[in-house]
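# An overview of the molecular structure
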Amino acid sequence: MGDSSGLIAELLRGDRRALARAATLIENSGPGSATLASELKPLTGRALILGITGAPGAGKSTLCDRLVALHRSEGKTVGVIAVDPSSPVSGGAILGDRIRMQQHHDDPGVFIRSMAARGTPGGLARATGDLVTLFDAAGFDVVIIETVGVGQSEVDVVRLAQITMLVMAPGSGDDIQAMKAGVMEVADVFVINKADYPGTDKLEQELHGVAGERPIVRTVASEGQGIRELTQVVGRCPRKERQFAAASAVRIDHLGIAVKSVDQALQFYEEQLGLTVSLREVVDQEKVNVAMLPLGGPRIELLEASAPDSVIAKFIDKRGEGLHHVALKVPDLRAAVARLQAAGARILNEPRAGAGGHLYVFVHPSSTGGVLLELIQA
Ligand SMILES: Nc1nc2c(ncn2[C@@H]2O[C@H](COP(=O)(O)OP(=O)(O)OP(=O)(O)O)[C@@H](O)[C@H]2O)c(=O)[nH]1
Ligand SMILES: [Mg+2]
């Protein structure tokens with residue numbers, strides 16, 4: 001146990017002020033927040049984690065409000081996390097959610113938090129995941145993640161849920177063709193809200209084409225109609241395994257391969273494998289000649305020493321030619337570095353700007369399972 005054991009004990013006693021303090025720590029990714037989240041992890045696994053997503057104005061917050069009321073009437077406690085990936089601060093939409101949710105304000109069985117995109121989508125998904133962990137560990141029966149927007153960051157956030165509802169409204173222009181494929185994929189239940197509007201039948205017909213086996217439920221959230229049925233449908237859905245972080249936010253940027261001669265290596269990579277060099281450059285800072293070979297997303301970088309005291313020359317002397325490093329793009333480099341440093345990882349340099357102007361750091365192989373890792377700001 002670390003120094004968060006006192007806080008955790010308070011949380012387990014049901015202390016609301018401790019919960020609020022812990023939530024604020026996690027939202028701000030403050031010192032000790034990663035440790036707290038990892039210490040809370042073993043205490044999780046009880047809560048049902050629901051996601052509500054969909055286009056702006058579809059009625060997500062109204063629906064969430066109704067679901068909270070229904071669960072409360074059954075004696076269950078509910079934690080709500082309202083996430084807005086598009087907003088750098090708590091903007092109008094979230095403020096509206098807070099006001100609407102005020103009917104639950106004095107209810108100790110409901111705990112509501114808003115999250116806005118302070119740093120980056122990946123950072124947001126991570127903080128949201130830690131908040132889910134907190135609510136689960138603190139004993140809430142149900143945790144609801146509501147998120148605005150329809151981009152990748154929303155999908156990353158909603159993957160944290162075990163069962164996700166995609167809320168759509170008829171005649172709002174957010175027809176199925178316009179929905180991002182990722183959002184359609186992540187849905188476990190399709191909700192046609194505002195079923196009091198014309199176009200409901202048409203939307204349902206269109207949805208049948210893409211939903212497959214997945215259920216479609218009609219609701220009029222503003223009137224409380226269809227909510228019980230929705231809860232029953234959700235109750236029959238298989239729960240996905242709990243995701244603790246949005247892995248999809250981190251991507252491979254390139255693989256760095258140390259070679260004695262770029263020209264010679266290109267005989268294999270260009271002529272035999274069929275890749276094409278997009279750029280050759282000399283990076284004075286690292287004393288390397290680089291040839292970049294795009295792969296469709298990530299790329300291979302062939303690295304040749306440009307001076308005898310180059311790190312690449314030393315690497316080849318010691319280990320021979322071969323994989324020198326793996327470079328991963330992270331959504332928030334500074335946050336990643338802070339987290340790694342707090343956990344005791346060996347970061348080899350302060351974040352600095354590379355040839356393309358992007359920030360990067362290297363992490364020592366002793367921390368990564370044996371491979372030199374470059375982390376790059378996306
Ligand atoms: N007619 C009708 N109006 C609804 C229904 N559900 C919600 N509304 C109204 O639609 C508006 C938007 O609802 P919200 O719940 O704020 O929608 P949201 O998806 O959370 O919106 P954002 O957070 O801005 O993305 C509000 O004025 C609601 O009162 C419904 O079933 N029928
Ligand atoms: Mg809302």
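Residues numbered from 1 in each chain as written. Chains lettered and ligands numbered in written order. Predicted model: local features only at pLDDT ≥ 70, side-chain atom pairs only at ≥ 80, totals over all residues. Heavy atoms only, no water.

## Quick notes on the overall build of the protein chain
Counted only if it meets this: Elements are defined by DSSP. Helices are runs of H or I of four residues or more, strands are runs of E of two residues or more, and each kind is numbered from the N terminus. Three exposure classes are used, based on accessible area relative to the maximum for each residue type with a 1.4 Å probe and protein chains only: buried under 20%, partly exposed in between, and exposed over 50%. It only takes one pair of heavy atoms within 4.5 Å for two residues to be counted as in contact. Only the protein chains shown count as covering a residue, and every accessible area follows the Shrake-Rupley method with a 1.4 Å probe.
Per the secondary structure count, the protein chain includes 14 helices and 15 strands. Looking at the protein chain residue by residue over its 378 residues, the buried ones come to 49%. Contacts in the protein chain between residues at least 24 apart in sequence constitute 68% of all its contacts with a sequence separation of at least 6. Put simply, the protein chain shows about 17700 Å² of open surface, and 51% of that area lies on carbon and sulfur atoms.

## Some words on unusual backbone geometry
If you check the backbone angles, Lys194 has positive phi at about 60° while not being a glycine. Tracing the backbone shows Lys194 in the loop between strand 6 (189–192) and helix 9 (200–211). Positive phi, normally seen in glycine, also occurs at Lys287, with a value near 55°. Inspection of the secondary structure puts Lys287 in the loop between strand 9 (279–283) and strand 10 (288–294).

## Structural notes on the site of ligand 1
Convention followed: The criterion for a residue being near a molecule or strand is simple. One of its heavy atoms has to lie within 4 Å of it. Nitrogen and oxygen atoms within 3.5 Å of one another constitute a polar contact, given that in protein one can donate a hydrogen and the other can accept it, and given that sequence-neighbouring residues count only through two side-chain atoms. Ten residues, namely Ala, Val, Leu, Ile, Met, Phe, Trp, Tyr, Cys and Pro, are considered nonpolar, four, namely Asp, Glu, Lys and Arg, are considered charged, and the remaining ones, Gly among them, are considered polar.
In the vicinity of ligand 1 there are 18 residues, among which Gly59, Lys60, Ser61, Thr62 and Asp196 approach most closely. Contact between ligand 1 and Ala221: an oxygen atom at 3.0 Å from a main-chain N or O atom of the residue. A total of 650 Å² of accessible area belongs to ligand 1 in isolation, and the protein chains cover 75% of it. At the level of secondary structure, the elements contributing two or more residues to the shell around ligand 1 comprise helix 4 (60–73) and strand 4 (142–148). Counting residues per element, the shell around ligand 1 draws most heavily on helix 4, which supplies 3 residues. Residue classes in the shell around ligand 1 are distributed as 7 nonpolar, 6 polar and 5 charged.

## Details of helix 11 (residues 262–272)
Here is the rule: It is the directions from the helix axis to the C-beta atoms whose arc is reported.
What helix 11 keeps buried is the set Val262, Ala265, Leu266 and Tyr269. Projection of helix 11 onto a plane perpendicular to its axis shows the buried side chains occupying an angular sector of 105°, all on one side. Facing away from the buried side of helix 11 by more than 90 degrees, the exposed set consists of Asp263, Gln264, Glu271 and Gln272. Measuring from the side-chain oxygen of the N-cap residue of helix 11 to the backbone nitrogen of Asp263 gives 3.4 Å; that N-cap residue is Ser261. With its phi angle positive at about 90°, Gly274 sits one or two positions after the end of helix 11.

## Description of the sheet that holds strand 9
Defined as follows: Here, strands pair whenever DSSP counts at least two bridges between them.
With mixed pairing, the 8 strands of this open sheet are ordered in space as 9-10-11-8-12-15-14-13. Lying at the two open borders of the sheet, with one neighbouring strand each, are strand 9 and strand 13 (352–353). Pairing analysis gives 6 bridges linking strand 12 (residues 322–330) to strand 15 (residues 372–377), with the strands arranged parallel. Opposite Val326, over in strand 15, you have Leu373 as the bridge partner.

## Here's the deal with the packing of helix 1 (residues 5–12) against helix 3 (residues 33–40)
Heads up, the condition is: Here the axes come from fitting lines to C-alpha atoms, over the contacting stretch only for helices, and the angles between their N-to-C directions go from 0 to 180 degrees. Oblique is the label for any angle not covered by the other classes, which are roughly parallel (under 35 degrees), roughly antiparallel (over 145) and roughly perpendicular (65 to 115). Two helices crossing with the near one rotated counterclockwise from the far one by less than a right angle form a left-handed crossing, whereas a clockwise rotation gives a right-handed crossing.
The N-to-C vectors of helix 1 and helix 3 enclose an angle of 50°; their axes lie 11 Å apart at closest approach. Classified by the angle their axes make, helix 1 and helix 3 are oblique. For the element pair helix 1 and helix 3, the recorded crossing hand is right-handed. Contacts from Ser5, Leu7, Ile8 and Leu11 of helix 1 reach helix 3 at Leu36, Glu39 and Leu40. Looking at the contact of helix 1 with helix 3 residue by residue, the classes come out as 5 nonpolar, 1 polar and 1 charged.

## Focus on the pattern of salt bridges
Here is the rule: Note on definitions: salt bridges are taken to be side-chain nitrogens of Lys or Arg within 4 Å of carboxyl oxygens of Asp or Glu.
This structure, assessed with the given rule, holds 17 salt bridges. The closest approach of N and O atoms between Arg46 and Asp141, which form a salt bridge, is 2.7 Å. Of this pair, Arg46 sits in the loop between helix 3 and strand 1 (48–54) while Asp141 sits in the loop between helix 6 (121–137) and strand 4, and the two are 95 residues apart along the sequence. The class of Arg46 is exposed, set by a relative accessible area of 53%. Given the relative accessible area of 23%, Asp141 is considered partly exposed. Linked by salt bridges that have partners in common, Asp253, Arg299, Glu301 and Lys329 make up one network.

## Observations concerning the coordination of the magnesium ion (ligand 2)
Definition in use: Each metal site lists N, O and S donors within 2.8 Å (3.2 Å for Na, K and Ca). With water left out of the atoms, a site can look as if it is missing ligands.
Distances from the magnesium ion (ligand 2) to its protein donors, namely Ser61 (OG) and Glu146 (OE), fall within the range 2.0 to 2.7 Å. You can see Ser61 sitting in helix 4 and its partner Glu146 sitting in strand 4, a full 85 residues away along the chain. The exposure class assigned to Glu146 is buried, which follows from its relative accessible area of 3%.

## Some words on the pairing of strand 11 (residues 299–305)
In terms of burial, strand 11 is a largely internal element, 6 of the 7 residues being buried. Bridge count for strand 8 (residues 251–258) against strand 11 is 5 bridges, and the pairing is parallel. Residue pairing for strand 11: Ala258 is matched across the bridge by Leu303. Bridging between strand 10 and strand 11 involves 7 bridges; their strand directions are antiparallel. Looking across to strand 11, one finds that Leu293 is bridged to Ile300.

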